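Examining the three-dimensional arrangement
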Amino acid sequence: QKSCGKGLFNLTCSHLSLAEKEYFGLKFRSQAGNHVWLEPLKPITKQVKNPKEVLFKFIVKFFPVDPGHLREELTRYSTCSITGASSQRVPPQQPNPPLPMSSAAELGDFHEETDQQHLATHRYLPNQEYLDNKIMHYHRRHGGKTPAESDAQLLDVARKLEMYGIRPHPASDGEGMQINLAVTHMGVLVLRGNTKINTFNWSKIRKLSFKRKHFLIKLHAHVSALCKDTLEFTMASRDACKAFWKTCVEYHAFFRLSEEPKSKPKALLCSKGSSFRYSGRTQRQLLEHGRKAKMKSLPFERKHYASRYDERQCRSSPDLLTDVSKQV
């Protein structure tokens, strides 16, 4: 009852034996109906009214820029599994959704009867029956690959997709035009539908802030000479705006800082602004730890159930991923 979010998150990673845990996070639905990340430094009871009645989802938080930097096979497996499960919520009109289809990673090498049974009982897409033959065709082509090779190949293809790692947040610009905001390792993106119309790299941004339901991007002087000094976007509510601002703060710290930011001392009388900060190792620290580690990454034991498959354990064929990304 008195634990901070970090306690629950560490217990989850310990249960999964996950070493490169900083790429992941716990997400839940707030009372306001927004999906928010569980804050590691804040008591759980201050974030969730009834923790025992809330479903916490363990998903990828920071999509690795180069999945080849992931040292542990378990991390690559988890990234594939969780990315596939969460991608099922991607709107069907997106040109390149990562499709969680069957492949050698979990089903083993191609077996026509097994594939047909699996596709008959698992529906991943509208009108999937028109893709069944193509899925089995690609599965047959990947015979002989180990599950680890299948994971690595899928991640390599996925990272090249246009919408890889992008979670759109609905907003409107100063002219009332409906757009989406997103944050990645590069900075803050502005999208219209699935088209990127502007990218604000971290090097261009002087400050990110929010006021009520208005999200503000303040640019450096050398950038603002070409456009406005401050860009303002309106989101659905203050809670949605604050949640996106927190995500930006964490993305900037994880991908740009060399080490975890230190906590600021609390003011004696009153404090101005939020004390929220990123907690955990940065990407640079994870990479340095991987280089210094003397022990080699050991393969983990994969559980294979011949009679029952969970949709989150299925994997896309890299060929199918590439093929669908070309169908606009």
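The rules behind the values
- Residues numbered from 1 in each chain as written.
- Predicted model: local features only at pLDDT ≥ 70, side-chain atom pairs only at ≥ 80, totals over all residues.
- Heavy atoms only, no water.
- Buried < 20%, exposed > 50% of the residue type's maximum accessible area, 1.4 Å probe, protein only.
- Helix = DSSP H or I, 4+ residues; strand = E, 2+ residues; numbered from the N terminus.
- Pairing = 2+ DSSP bridges.
- Phe/Tyr/Trp six-rings, centres within 6.5 Å; stacked < 30°, edge-to-face > 60°.
- Salt bridge = Lys/Arg side-chain N within 4 Å of Asp/Glu carboxyl O.
- Contact = heavy atoms within 4.5 Å.
- Axes fitted to C-alpha atoms, helices over the stretch in contact; angles between N-to-C directions.
- Core = buried A, V, L, I, M, F, W, Y, C linked by side-chain atoms within 4.5 Å.
- Domains from an automatic or database assignment.
- pLDDT = per-residue confidence, 0-100.

Along strand β10 (residues 230-235), the buried face is formed by Leu231, Phe233 and Met235; none of Thr230, Glu232 and Thr234, which line the opposite face, is buried. When strand β4 (residues 169-172) meets β10, the two strands line up antiparallel, connected through two bridges. Bridging across to β10, serine 172 finds its partner in threonine 234. Alignment of strand β9 (residues 214-219) against β10, held across five bridges, turns out to be antiparallel. Residue pairing for β10: isoleucine 217 is matched across the bridge by leucine 231.

A word on the packing of aromatic side chains. Counted according to the given criterion, the structure contains 15 aromatic pairs. Residues phenylalanine 62 and tyrosine 251 carry aromatic rings whose centres are separated by 5.0 Å and whose planes lie at 70° to one another, so their mutual orientation is edge-to-face. Placement of the pair is phenylalanine 62 in the loop between β3 (57-60) and α3 (73-86) and tyrosine 251 in helix α9 (residues 238-256), with a sequence separation of 189 residues. Comparing phenylalanine 62 with tyrosine 251, the two get one shared label, buried. Ring geometry for phenylalanine 63 against tyrosine 164: centres 5.5 Å apart, planes inclined by 75°, an arrangement best described as edge-to-face.

With that settled, consider the pairing of strand β5 (residues 178-183). Within β5, five of the six residues are buried, which leaves the element mostly enclosed by the surrounding structure. Across four bridges, the pairing between β4 and β5 is antiparallel. Of the residues in β5, the one forming a bridge with proline 170 is asparagine 180. Adjacent in sequence and paired antiparallel, β4 and β5 are bridged by five residues, among which glycine 176 carries a positive phi angle near 80°.

With that out of the way, let us pick up the pattern of salt bridges. All chains considered together, the criterion is met by seven salt bridges. Residues glutamate 72 and arginine 71 are paired through a salt bridge, measuring 2.8 Å at the closest nitrogen-oxygen approach. What makes glutamate 72 buried here is its relative accessible area of 15%. Taking the shortest distance from any N to any O, the salt bridge between arginine 159 and aspartate 156 comes out at 3.0 Å. Exposure remark for aspartate 156: the relative accessible area of 29% places this residue in the partly exposed category. Through salt bridges that share partners, Asp156, Arg159 and Lys160 make up one connected network.

Tracing the chain through its elements places serine 237 in the loop between β10 and α9. Each C-alpha atom of the pair serine 237 and alanine 171 lies 9.8 Å from the other, and the pair is 66 residues apart in sequence. Residues in contact with serine 237, not counting those within four places in the same chain, are Asn34 and Lys213.

Our focus in this paragraph is the environment of glutamate 301. Examined against the element boundaries, glutamate 301 turns out to sit in the loop between α10 (283-292) and α11 (318-325). What makes glutamate 301 exposed here is its relative accessible area of 72%.

Glancing now at the sheet that holds β5. Reading across from one edge, β7-β6-β5-β4-β10-β9-β8 is the order of the seven strands in this open sheet, with antiparallel pairing throughout. In this open sheet, the two edge strands, each paired with only one partner strand, are β7 (195-201) and β8 (205-211). Put simply, the sheet's adjacent strands are angled 30° from each other on average, direction ignored. In the packing of α9 onto the sheet, the strands contacted are β4, β5, β6 (187-192), β8, β9 and β10, and the crossing angle to β8 comes to about 155°.

With that out of the way, let us pick up the nonpolar core. Ranked by size, the top nonpolar core spans 56 residues in total, and within it Leu208, Phe215 and Ile217 carry the most contacts. In terms of residues, this core owes the most to one element, α9, which gives nine residues. Counting contributing residues per domain, this core is built from domain 1 (5-163 + 310-326) and domain 2 (169-262 + 273-288), each supplying no fewer than three. Ile166, Ala182, Leu189 and Leu191 belong to the second-largest nonpolar core, a separate cluster that totals five residues.

With respect to the element layout, glutamine 153 can be found in helix α7 (residues 147-158). The partly exposed category is assigned to glutamine 153, whose relative accessible area is 26%. Once the C-alpha coordinates of glutamine 153 and proline 67 are considered, the two residues, 86 residues apart in sequence, prove to be 9.7 Å apart.

Further remarks concern the confidence of the model for the chain. Taken residue by residue, the chain gives an average pLDDT of 80. The fraction at 70 or more is 78%. Here α11 is the element of the chain with the lowest mean pLDDT, 50, and β5 is the one with the highest, 96. Considering only residues more than four positions removed or in separate chains, one finds that residues 85-104, a stretch of pLDDT under 50, has 59 contacts. Long-range and interchain partners of residues 305-317, a stretch whose pLDDT sits below 50, account for 39 contacts in this model, where long-range means more than four residues apart.

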